[in-house]
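Fold and contact review
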Amino acid sequence: GRNDPVTNLCYLNGMLVAIHEKGSVYMYKIEVDKGTEKWSSSEIHKITQTHQGSAVCGIAIHPTTELIALAYVGGHCSLFQTSKQTSPLSIFRESSGVQYTCVAFHPDGLLLGLGCSDGFVQMWDISELANVASLDTTSSENVHALAFSENGYYMVVRTAKNTQL
């Protein structure tokens, strides 16, 4: 429920998605009163808890805020529409059996980066649901976090040993 601690957050353009410790994922709309600078939140809906028993390990909001990507420890990724969602639009999985550790949308909204337990970052074309590239971080450890620059020219990856651009 919403009383358990939040383990991961993602915010973009008034939308907040939170993963709670017990695996629940909630989406909230955040509004700020410009006159008083007070903010309020309203729950839009609960998205999901697990996929085939795997917990959510990463969340990302599409630049248009129309999609949310959830990465699962078991190596699955699901895309959800933010406007109305009880089940995923699509679920995809890399056949190598690697575990996903984090997720981020490229700023152009066409690519999705998924950090992996083997030190690679997989780049997925979300329109084709195809893995278009696997980028080696030169570390055999989990990719803990990844982010793209605002213009999309650069990607930053953090592993246990280092941070790379």
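I will try to describe carefully the structure that is included in this document. All of these numbers come straight from a predicted model, not from anything done at the bench. (Residues numbered from 1 in each chain as written. Predicted model: local features only at pLDDT ≥ 70, side-chain atom pairs only at ≥ 80, totals over all residues. Heavy atoms only, no water.)

This part takes up the sheet that holds strand β16 (residues 163-164). Strand order in the open sheet formed by 3 strands is β14-β15-β16, and the pairing between neighbours is antiparallel. Edge positions in the open sheet fall to β14 (143-148) and β16, since each of these has one partner strand only. The pairing of strand β15 (residues 155-159) with β16 spans 2 bridges and is antiparallel. Considered in β16, the bridge of R158 is made with T163. (Pairing = 2+ DSSP bridges. Helix = DSSP H or I, 4+ residues; strand = E, 2+ residues; numbered from the N terminus.)

The buried fraction of strand β2 (residues 15-20) is high, at 6 of 6 residues. Here β2 shows no split at all, with M15, V17 and I19 on one side and L16, A18 and H20 on the other all buried. Across 6 bridges, the pairing between strand β1 (residues 6-12) and β2 is antiparallel. Looking at the pairing, L12 lines up with M15 of β2. Connecting the antiparallel pair β1 and β2 is a turn made up of 2 residues, with N13 showing a positive phi of about 45°. Bridging between β2 and strand β3 (residues 25-33) involves 5 bridges; their strand directions are antiparallel. Each residue of the ladder has a partner; that of A18, found in β3, is Y26. (Buried < 20%, exposed > 50% of the residue type's maximum accessible area, 1.4 Å probe, protein only.)

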